[in-house]
Amino acid sequence: MNLPSVEYKANHSQLLRTLTMAKQLQARRLDGIDHNPWVEFVRLSKEYDTVNLGQGFPDFSPPDFAVQAFQQAVSGDFMLNQYTTAFGYPPLTKILASFFGKLLGQEMDPLKNVLVTVGAYGALFTAFQALVDEGDEVIIIEPAFDCYEPMTMMAGGRPVFVSLKPSAPKGQLGCSNDWQLDPTELASKFTPHTKILVLNTPNNPLGKVFSKTELELVADLCQKHDVLCISDEVYQWLVYDGHQHISIGICSPWPRVASLPGMWDRTLTIGSAGKSFSATGWKVGWAIGPDNIMKHLRTVHQNSIFHCPTQAQAAVAQCFEREQQHFGQPSSYFLQLPQAMRLNRDHMVRSLQSVGLQPLIPQGSYFLIADISDFKSKMPDLPGAADEPYDRRFAKWMIKNKGLVAIPVSIFFSRPHQKDFDHYVRFCFVKDEATLQAMDERLRKWRVELQP
Ligand SMILES: Cc1ncc(COP(=O)(O)O)c(C=O)c1O
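Residue indices follow the written sequence of each chain, beginning from 1 at its first position. Residues qualify for local features only when their pLDDT is at least 70, as the model is predicted, and side-chain atom pairs are given and counted only at 80 or more; totals for whole chains, interfaces and linings, by contrast, use all residues. Excluding hydrogens and water, the side-chain figures rest on all heavy atoms present in the structure.

Looking at an unreviewed UniProt entry, one finds the protein named Kynurenine--oxoglutarate transaminase 1, with Apodemus speciosus as its source organism. We quote the UniProt Cofactor (unreviewed entry) comment for the protein here in full: "pyridoxal 5'-phosphate". Note on the protein: under the UniProt heading Sequence similarities (unreviewed entry), the record states "Belongs to the class-I pyridoxal-phosphate-dependent aminotransferase family." UniProt positions are given in the numbering used here, feature names are shortened, and annotations may be inferred rather than shown by experiment.

1. A closer look at the sheet that holds strand S12 (residues 367–371)
Here the rule is simple: two strands pair whenever DSSP picks up at least two bridges between them. Where helices and strands are cited, they refer to DSSP runs of H or I of at least four residues and of E of at least two residues respectively, numbered from the N terminus. Pairing in this open sheet of four strands is antiparallel, and the strands run S11-S12-S15-S14 from one edge to the other. The sheet terminates laterally at strand S11 (358–359) and strand S14 (407–408), the two strands that pair on one side only. Of the strand pairs in this sheet, S14 and strand S15 (residues 424–428) are connected by two bridges, and their pairing is antiparallel. Of the residues in S15, the one forming a bridge with Pro-408 is Val-425. Note on contacts: a residue pair qualifies if any of its non-hydrogen atoms lie within 4.5 Å across the two residues. Lines are fitted to the C-alpha atoms to define the axes, a helix being fitted only along its stretch in contact, and any angle between axes, read from their N-to-C directions, falls within 0 to 180 degrees. Packing against the sheet, helix H14 (residues 390–402) makes contact with S14 and S15, and its axis sits at approximately 50 degrees to S15.

2. Thoughts on the site of the ligand
When we say a residue is near a molecule or strand, we mean one of its heavy atoms is within 4 Å of it. Near the ligand there are 13 residues, and of these Ala-120, Asp-232, Tyr-235, Ser-272 and Lys-283 occur at the shortest range. Here a polar contact means two N or O atoms within 3.5 Å. Within protein one must be a hydrogen donor candidate and the other an acceptor candidate, and residues neighboring in sequence count only if both atoms are side-chain atoms. Side-chain polar atom of Asn-204 to an oxygen atom of the ligand: 2.9 Å apart, as the coordinates give it. A distance of 2.7 Å is found between an oxygen atom of the ligand and a side-chain nitrogen or oxygen belonging to Lys-283. Accessible surface is estimated by sampling points in the Shrake-Rupley manner with a 1.4 Å probe; for residues, cover comes only from the protein chains shown. Expressed as a share of its isolated accessible area of 400 Å², the protein-covered part of the ligand is 92%. Ranked by residues supplied to the shell around the ligand, first place goes to helix H5 (residues 119–131) with three residues.

3. Remarks on the pattern of salt bridges
Only one rule defines a salt bridge in this text: a Lys or Arg side-chain nitrogen within 4 Å of an Asp or Glu carboxyl oxygen. This structure, assessed with the given rule, holds 18 salt bridges. With a closest N to O distance of 2.3 Å, Glu-449 and Lys-402 form a salt bridge. In this pair, Glu-449 is assigned in helix H16 (residues 433–450) and Lys-402 in helix H14, connecting sequence segments 47 residues apart. Partly exposed describes any residue whose relative accessible area lies between the buried limit of under 20% and the exposed limit of over 50%, with all areas from a 1.4 Å probe on protein chains only and scaled to the type maximum. Relative accessible area serves as the criterion here: at 14%, Lys-402 is assigned to the buried category. A salt bridge links Arg-444 to Glu-441; the shortest N-O distance between them is 2.8 Å. One end of the pair, Arg-444, and the other, Glu-441, are both in helix H16, three residues apart, so they sit about a helical turn from each other.

4. Some remarks on the domain arrangement of the protein
Accessible area lost upon the coming together of the parts is a frequently used measure of interface size. Domain ranges listed in this record stem from an automatic or a database domain assignment. Here the domain parsing of the protein yields domain 1 (30–62 + 332–450) and domain 2 (64–326). When each unit is reduced to the centre of its C-alpha atoms, the spacing between domain 1 and domain 2 is 25 Å. On the side of domain 2, 50 residues touch domain 1, which itself brings 44 residues to the contact. A 1.4 Å probe defines the accessible area here, and the buried area is the portion of it lost by two parts on being joined, summed over both. Both sides of the domain 1 and domain 2 interface together cover about 4,000 Å² of buried area, and 63% of this is carbon and sulfur.

5. Re the packing of helix H4 (residues 90–104) against helix H11 (residues 310–326)
As a packed pair, H4 and H11 sit with axes 9 Å apart at the nearest point and diverge in direction by 35 degrees. Classified by chirality, the crossing of H11 by H4 is left-handed. Contact residues: H4 offers Pro-91, Leu-92, Ile-95, Leu-96, Ser-98, Phe-99, Phe-100 and Lys-102, while H11 offers Gln-313, Val-316, Ala-317, Phe-320, Glu-321, Glu-323 and Gln-324. Throughout, the ten residues Ala, Val, Leu, Ile, Met, Phe, Trp, Tyr, Cys and Pro are labelled nonpolar, Asp, Glu, Lys and Arg are labelled charged, and all others, Gly among them, are labelled polar. Each residue belonging to the contact of H4 with H11 can be placed in one class, and the counts come to nine nonpolar, three polar and three charged. Crossing handedness: left-handed means the near helix sits turned counterclockwise from the far one by under a right angle, and right-handed means the same turn made clockwise.

6. Some points on the packing of aromatic side chains
In this analysis, rings of Phe, Tyr and Trp, with Trp reduced to its six-membered ring, are considered paired at centre separations within 6.5 Å, and the interplanar angle assigns stacked below 30 degrees, edge-to-face beyond 60, and tilted for intermediate values. For the structure shown, the criterion picks out 32 aromatic pairs. Centre to centre, the rings of Phe-99 and Phe-320 are 5.1 Å apart; their planes meet at 70 degrees, and the pair counts as edge-to-face. Taken together, the positions of Phe-99 in helix H4 and Phe-320 in helix H11 put the pair 221 residues apart, joining distant regions of the chain. Of the two residues, Phe-99 and Phe-320, both sit in the buried class. Where Phe-375 meets Trp-446, the ring centres are 5.8 Å apart and the plane angle is 55 degrees; that geometry is what we call tilted. Residue Phe-375 is found in helix H13 (residues 373–378), and its partner Trp-446 is found in helix H16; the two are separated by 71 residues along the sequence.

7. Thoughts on the side chain of Thr-117
Tracing the backbone shows Thr-117 in strand S2 (residues 114–118). Engagement of the side chain of Thr-117 in a polar contact is seen with the backbone oxygen of Gly-119, the distance being 2.9 Å. Look past the residues within four positions of Thr-117 in its chain and what remains in contact with it is Gly-122, Ala-123, Thr-126, Lys-283, Val-284, Gly-285, Trp-286, His-301 and Cys-308.

8. Description of the pairing of strand S8 (residues 228–232)
Counting buried positions along S8 gives five out of five residues, so the element sits mostly inside the fold. Neither face of S8 is open: one carries Leu-228, Ile-230 and Asp-232, the other Cys-229 and Ser-231, and all of them are buried. Sheet analysis places strand S7 (residues 194–200) next to S8, joined by five bridges and oriented parallel. Each bridged residue has a counterpart across the sheet, and for Leu-197 the counterpart in S8 is Cys-229. In this region the chain leaves S7, passes through helix H8 (residues 212–224) and returns to the parallel neighbour S8; the handedness of that crossover is right-handed. With the strands pointing away from the viewer, any crossover whose connection runs clockwise from the first strand over the helix to the second is right-handed.

Rendered as structure tokens:
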């Protein structure tokens, strides 16, 4: 038997040693945000033999043209191994300005209206740091992608939550667009301290696609109260059943009159190459907006990460060049991906129902939430801490006993609202055929166990 060497023991005890300081170690801006519920679910998904339908990443290859673009970026021009322009590799900012300029009907300067970031995460963080000050209020529409709250707090701001609410009775098969904002409640959240409203359409985790009327309501309130909008549109290509993604940046609460400012002047539109080209590991994202807002994001970016990896940017530039040529045609990946994901969505909806999970049909994104009210009434006492929301206990039970990973939806709600939304779990359907079949197999076994 090999005993650990003296050297190993010394190094090991060094690793276990914890620094204690008379001063507070961590910066105060981390207070209240140092617990992340995702960590536990990622760990559990690895610890048990599971089919992972939790995290939002494709488990299939990006399209061939994207893979080739990356290979070319790595093996081609040696200068792609070096620094590039801070705010974005010029061919990428150029094509993003041209592509989104057409979509948003807005003349764009690649140097002034586009910033390339480390994923959409990077764009969001840069925006919060650049625009939110101590005491500023940030309205977050929940359920919400879970980084908006800590990013607001790290910048010194105060998150103010307003919930979308389901209009269909509990347990009945509905769709994500049944979840609506109450216009009076939304209006009541605006105060003289409100600086920003964060919008996410199509929404994660619901899959709701905001309608023009809803966007006009939001736009109207932003205009009235002089508030900026951060519009997270990373799932913009993933819309189904004839629904249309609309960018709030093109909304004007009044008839478009050139002399009146519309939402473009107060909106940052955020996108992700990871979501657009099924390549989440590339971590290329962007923020698009008017120069007088973007210049503050550039200050943060310049003084934090400076710029994003050149080769990944070069590959994304090529992907957009290709998409621009194919846009609107059957060969466009932005058409092919939603077509394929609609089939996955329908497959998953059918399968989940077979064990009594009640999926809500999402109009967009690659997530769906399923109502677990029936389980809550039939097996209310699942193991877990007394104050732990039911959906978290259910998700852990499902991992351990059924080998399926989903994410409890209460983590997408602020603490005071979690108890009202503790009977849903989120499934991700941007998955390979083999993964969906593995899911079916687990559900088949579950169905057998349900039989009396
Ligand atoms: C709504 C939303 N915004 C932003 C992101 C982050 O995107 P990226 O991977 O490009 O950083 C995600 C990732 O899941 C998301 O769901």
